[in-house]
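Tertiary structure, described
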Amino acid sequence: MTRTPLTLLATDGAARTGTVTTARGTFRTPAFMPVGTRGSVKAVDASDLRAVGAEVMLANTYHLMLRPGADVVAELGGLAEFSGWRGHTLTDSGGFQVFSLNPAVDDDGVTFRSTYDGSSHRLTPESAVAVQAAIGADIQMVLDVCPPLPSPPSVVRTAVERTAMWAERARHAPRPSNQALFGIVQGGVDPDLRIEAARRTTALDFDGYGIGGLSVGEPRPEMIRALDATLPELPTDRPRYLMGVGDPIGMVEAVARGVDMFDCVLPTRLARHGTALTSVGKVQMRNASQRTDRGPIDAACACSTCATYSRGYLRHLLQV
């Protein structure tokens, strides 16, 4: 089994910093992983990612297996070579599409309709591992069921049962020795169900652990309560990955509780729609008040954009 041990460098209460080791090398935690769903972070190239200090990029199994196809990615050298990104890579199993695309789900797996051409595709715990092996990420995730929130208790219970059953099948599926595999803890916002799911998942001895099914519509206090139930059940020597959370407050709250890894489309989505997160709060760059503003987005920032371009010019680019 490929281990992804977490080497602790410092702690402050439950919060911790450290390094995670994969077959590719090490990356620092806490780590935010930009989302390159189809092998590319929208509007950002690999050199931009390196410049802002990213060390791990996330890509999506479902989308890459449809276009260009996992076999094509493999033929082109795997995800890192394919994308020109030489840092670490992590692939989601397609479990988020169980939440977002409402496919047909049964105890054996998931049947999707392609968002591109309507063709039918099947993912099982074993085939999700095989597809991710072909894509060649450093870390792959087990196939899971992510229920929307709120959901009836019976729906959340079924998601926990199927996720646990699929995790055991994925754990025993063959995969390359240089790929790590993370289990995923579900359970909605029910603390008792989260504890049960965490114990069942950790019993399978994965290389790391994802906390799934949060930030999908529940109030923040309920998310925090679910985290508080889950984290004490996870091993301290393995990475803990809060899936789909990337807002500043949510990440700070989670880091304080001992989470190591995050991913979210929020930063690039905000940027594409003209919103900047600055040292003094959100700034909407499309506003007419920016039209003739010669100042930078953030006077306290030394990045190349703030050092080079005015708000007025950036607003112009967004407008055209």
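Here's a quick rundown of the structure.

The next subject is the side chain of Thr-201. Mapped onto the fold, Thr-201 is located in helix H8 (residues 191-202). According to the relative accessible area criterion, Thr-201 is buried, its value standing at 4%. With near-sequence residues (within four places) excluded, Thr-201 lies in contact with Gly-183, Ile-184, Val-185, Phe-206 and Tyr-209.

Let's shift gears to the nonpolar core. Looking at soluble globular proteins, one finds that nonpolar side chains tend to be buried together. Core analysis: the largest hydrophobic core is formed by 45 residues, its most contacted members being Leu-90, Leu-227, Tyr-241, Leu-242 and Met-261. Counting 20 residues, the second largest nonpolar core, distinct from the first, contains Tyr-62, Val-73, Val-131 and Ala-137.

Between helix H7 (residues 153-171) and H8, the shortest axis-to-axis distance is 10 Å and the interhelical angle comes to 5 degrees. By the angle class used here, H7 and H8 are roughly parallel. Counting all contacts with H7, which are made through Val-156, Arg-157, Val-160, Glu-161 and Ala-164, the residues of H8 involved are Leu-193, Glu-196, Ala-197 and Arg-200. Here the contact of H7 with H8 is built from residues that sort into 5 nonpolar, no polar and 4 charged.

Note on placement: Asp-207 falls in the loop between H8 and strand E12 (208-211). Judged by relative accessible area, which is 0%, Asp-207 ranks as buried. A polar contact of 2.8 Å, which involves the side chain of Asp-207, links it to the backbone nitrogen of Leu-181.

One pass over the full model with this rule turns up 20 salt bridges. Between Arg-28 and Glu-55 there is a salt bridge, with its nearest N and O atoms 2.7 Å apart. Within this pair, whereas Arg-28 is found in strand E3 (residues 25-29), its partner Glu-55 is found in the loop between helix H1 (46-51) and strand E5 (56-60), the two being separated by 27 residues in sequence. Here Arg-28 falls in the exposed class, since its relative accessible area comes to 52%. Each of Asp-106, Asp-108, Arg-122, Glu-126 and Arg-169 takes part in salt bridges that share partners, so that together they form one network.

Conventions we followed
Here the residue numbers are simple positions, counted from 1 along each chain's written sequence. Selection of residues for local features in this predicted model requires a pLDDT of at least 70, selection of side-chain atom pairs for listing and counting requires 80 or more, and totals for whole chains, interfaces and linings are taken over all residues. Side-chain measures were taken over the full set of non-hydrogen atoms in the model, leaving aside hydrogen atoms and water. Helix and strand definitions here come from DSSP, where helices need a minimum of 4 consecutive H or I residues and strands a minimum of 2 consecutive E residues; each element is numbered from the N-terminal end. Any residue under 20% of the maximum accessible area for its type is buried, any over 50% is exposed, and the rest in between are partly exposed; the area is computed with a 1.4 Å probe on protein chains only. Two residues qualify as a contact provided that any one of their heavy atoms is within 4.5 Å of a heavy atom in the partner residue. Remark: nonpolar core denotes a set of buried residues (Ala, Val, Leu, Ile, Met, Phe, Trp, Tyr, Cys) joined through side-chain atoms within 4.5 Å. Each axis is a line fitted through C-alpha atoms, and for a helix only the stretch in contact is used; angles between axes span 0 to 180 degrees, taken between their N-to-C directions. Any angle between 65 and 115 degrees counts as roughly perpendicular, while under 35 counts as roughly parallel, over 145 as roughly antiparallel, and the rest as oblique. Under the scheme applied here, ten amino acids are nonpolar (Ala, Val, Leu, Ile, Met, Phe, Trp, Tyr, Cys and Pro), four are charged (Asp, Glu, Lys and Arg), and all others, including Gly, are polar. Within 3.5 Å is the distance limit for a polar contact, defined as a pair of N or O atoms, with the added protein rule that one can donate a hydrogen and the other accept it, and that residues adjacent in sequence qualify only through two side-chain atoms. In the sections that follow, a salt bridge refers to a side-chain nitrogen of Lys or Arg positioned within 4 Å of a carboxyl oxygen of Asp or Glu.

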